[in-house]
Amino acid sequence: MSNTIAKSTEQAPARAEAQPLAIRPRVDVFENEHELLVVADVPGAAKDSIDVRFEGGELRLEARRAAGPQGQPLAEEARLADYRRAFAMPEGIDSEKIEASFTNGVLTVHLPKSSAKRPRKIDVRTT
Amino acid sequence: MFSRLTDFDRTFDVLDELRRQMDRVWNDYEGAWGITRSPTQALTSANWPRFNVLDAGANLLVMADVPGMTEKDLQVSLEDGVLTVSGEQKAVAPEGYAVHRRERPALRFGRSVALPVKIDAEKVTANVKDGVLTISLAKAPEARPRQITVRASS
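Residues numbered from 1 in each chain as written. Chains lettered and ligands numbered in written order. Predicted model: local features only at pLDDT ≥ 70, side-chain atom pairs only at ≥ 80, totals over all residues. Heavy atoms only, no water.

**Student:** Hey, could you run me through the overall build of chain A in this one?
**Tutor:** If you tally the helices and strands in chain A, you get 1 helix and 9 strands. Walking chain A from its N terminus toward its C terminus, one meets helices and strands in the order α-β-β-β-β-β-β-β-β-β. Of the contacts made within chain A by residues no fewer than 6 positions apart, 55% connect residues no fewer than 24 positions apart. If you sum the accessible surface of chain A, you get close to 8,100 Å²; carbon and sulfur atoms cover 49% of it. (Helix = DSSP H or I, 4+ residues; strand = E, 2+ residues; numbered from the N terminus. Contact = heavy atoms within 4.5 Å. Areas by Shrake-Rupley, 256 points an atom, 1.4 Å probe, with all protein chains shown as cover.)

Shown next, in the form of C-alpha cells:
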C-alpha cells in the first residue's frame, strides 16, 4: 500500500517534465481551392525551436519561447510559456509540399491540397 | 491512438479555461501592480497588450507580446512617469480564401503603466523583434541601486 503511494508521487514529476505546460497559440485557418492556410501567433518563439509536424492527418505546431532578459519581476500579466497546438486536418493534404514560415512572431503554414482532391471537371462521355 | 491525442488536447482546454480565469483575477488586481488603464480604453481593446515589467538594476524593462506587429504599428510615449503603448493591429484575411477559424482579432489599443521609479526620459529605447516589444527605461540616477561600502572603524 505505502509502496504504491510512493511510486505514484515519483512518477508525477517525471510526467510533468515530459509535457510541460504550454500555451495554445491563437490561430486563423483559411482555405481556397489550392490549399489550407494556418496562421498562428507565437510571439517570442525561438526560431530554431519551431516544430511543424503533419502526421496521421494531424497538424502539430510546437515552439519554445526564447529566454528573455533577466531581472526582478515587478508585474507579470502575461504568462510566458512554450506553444503547442494540434489540429485534425481534412483528407487530401499533400504532406510533401507543406511549407512554413515565421515572421514577426507569426507562424504561417501552407498545406497544399493533393491534386486529386482539387475540384475537377469530369467529362461525360457518350457511347 | 487518436483518442489519446484528443484527450490530451482536452486536458489543455481545461488548463486554458483555468488560465482565462486567472487572467480575470489579474485584471481585477491591476491596480495593485501599478498598472493603470487609460480612460480611452473602454472604447477599444480592454487590456491589450499585456505587460511584463522587470527591474534589471539600472533599467526597467517593459515587455509585451505584439505578434505580427512591426515598428510601424506601434507608438510608445513617456509622460510624467507614465508609459503609454498604443497602436493598431489589423486582421488581414488573405484574398480569395474562405475563413474556417478566426482567433486573431483586429485591435486598436492604448495602455498606460505608471512606472514605479523615476526614469531618465532621454534614455528610453523601444524595439520590436519576433512579435515581442521590449522597452528599456534607464532609471534616473537617484533611483538607481547604489552599493554602499561598509568601512570598519577602528
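Once you've had a look at it, read on.
**Student:** Before we go on, may I ask you to explain the interface of chain B and chain A in this structure?
**Tutor:** Many authors give the size of an interface as the accessible area that is lost as the parts come together. Contacts between chain B and chain A engage 48 residues on the former and 48 residues on the latter. Overall, the association of chain B and chain A removes approximately 4,000 Å² of surface from exposure, summing both partners, and the carbon and sulfur fraction of that is 52%. Summed over the three residues of chain B that lose the most area to chain A, namely Y97, R104 and D130 of chain B, the buried surface amounts to 17% of that side. Scanning the region where chain B abuts chain A turns up 7 salt bridges. One salt bridge in this structure joins R65 of chain A and D65 of chain B, with 2.8 Å as the shortest N-O distance. One can count 22 residue pairs in polar contact (both at pLDDT 80 or more) joining chain B with chain A. The set of elements that each furnish at least two residues to the side of chain B that touches chain A consists of α1 (2–28), β2 (51–55), β3 (59–65) and β6 (98–102) of chain B. Of the residues forming the side of chain B that touches chain A, the biggest block, 11 residues, is contributed by α1 of chain B. Judged from the 4 bridges that link them, strand β2 (residues 27–31) of chain A and β6 of chain B form a sheet pairing that is antiparallel. (Buried area = accessible area lost by both parts, 1.4 Å probe. Salt bridge = Lys/Arg side-chain N within 4 Å of Asp/Glu carboxyl O. Polar contact = N/O pair within 3.5 Å; in protein donor to acceptor, adjacent residues only side chain to side chain. Pairing = 2+ DSSP bridges.)

**Student:** Would you take a moment to explain the environment of R84 of chain A for this structure?
**Tutor:** Residue and element names in this part refer to chain A. Within the fold, R84 resides in strand β7 (residues 82–88). Accessibility expressed as a relative area gives 11% for R84, which makes it buried. Considered as a pair, R84 and L61 are 23 residues apart in the sequence and their alpha carbons are 5.6 Å apart. (Buried < 20%, exposed > 50% of the residue type's maximum accessible area, 1.4 Å probe, protein only.)

**Student:** When you look at the sheet that holds strand β8 (residues 99–103) of chain A in this model, what are you seeing that I'm missing?
**Tutor:** The pairing of strands in a sheet happens through backbone hydrogen bonds and is either parallel or antiparallel. Reading across the sheet, the 5 strands line up as β8(A)-β9(A)-β3(A)-β2(A)-β6(B) and stay open at both edges, with antiparallel pairing between neighbours. Looking at strand neighbours, the two that pair on one side only are β8 of chain A together with β6 of chain B, the edges of this open sheet. On average, each strand axis in the sheet is inclined to that of its neighbour by 15°, with strand direction left out of account. (Axes fitted to C-alpha atoms, helices over the stretch in contact; angles between N-to-C directions.)

**Student:** Help me understand the packing of aromatic side chains, please; the structure alone is not making it clear to me.
**Tutor:** Centre distance and the angle of the planes are the two values used to describe a pair of aromatic rings. Residues and elements named next belong to chain B. Taken as a whole and judged by the stated rule, the model has 1 aromatic pair over all chains. Their ring planes at 70° and their centres at 4.9 Å tell us that W48 and F109 sit as a pair that is edge-to-face. On the criterion of sequence distance, the pair formed by W48 in the loop between β1 (35–36) and β2 and F109 in strand β7 (residues 107–114) is long-range, its members being 61 residues apart. When sorted by exposure, W48 lands in the same class as F109, which is buried. (Phe/Tyr/Trp six-rings, centres within 6.5 Å; stacked < 30°, edge-to-face > 60°.)

**Student:** Just checking my understanding: could you explain the sheet that holds strand β5 (residues 58–63) of chain A for this structure?
**Tutor:** Residue and element names in this part refer to chain A. Pairing in this open sheet of 4 strands is mixed, and the strands run β1-β7-β5-β4 from one edge to the other. Lying at the two open borders of the sheet, with one neighbouring strand each, are β1 (22–23) and β4 (51–55). In this structure, β1 lies alongside β7, joined through 2 bridges in parallel fashion. Note on β7: the bridge partner recorded for I23 is Y83.

**Student:** Teacher, can you tell me more about unusual backbone geometry here?
**Tutor:** Most peptide bonds take the trans form, and the phi angle of most residues other than glycine is negative. In this structure, N104 of chain A takes a positive phi of about 50° despite not being glycine. Take N104 of chain A: it is sitting in the loop between β8 and β9 (106–112). For N104 of chain A, a relative accessible area of 29% gives the class partly exposed. Positioned with a positive phi, D130 of chain B is a non-glycine residue whose angle comes to about 50°. Structurally, D130 of chain B is set in the loop between β8 (119–129) and β9 (132–139). Given a relative accessible area of 16%, D130 of chain B falls into the buried group.

**Student:** Sorry, what's going on with the pattern of salt bridges here?
**Tutor:** Two side chains bearing opposite charge may form a pair once their charged atoms approach each other closely. Tallied over the entire structure, the rule returns 18 salt bridges over all chains. As a salt-bridge pair, D28 of chain A and R104 of chain B come within 3.2 Å of each other at their nearest N and O atoms. Remark: R104 of chain B occurs in the loop between β6 and β7 and D28 of chain A occurs in strand β2; the pair is interchain, linking two chains. Accessibility assignment for this pair places D28 of chain A and R104 of chain B in one class, buried. One salt bridge connects K118 of chain B with E142 of chain B, and the closest N-O pair in it is separated by 3.3 Å. With a gap of 24 residues between them, K118 of chain B in the loop between β7 and β8 and E142 of chain B in the segment after β9 connect regions that are remote in the sequence. The burial state of K118 of chain B is the same as that of E142 of chain B; both residues are exposed. Three or more residues joined by partner-sharing salt bridges are found here, namely D28 and D41 of chain A together with R102 and R104 of chain B.

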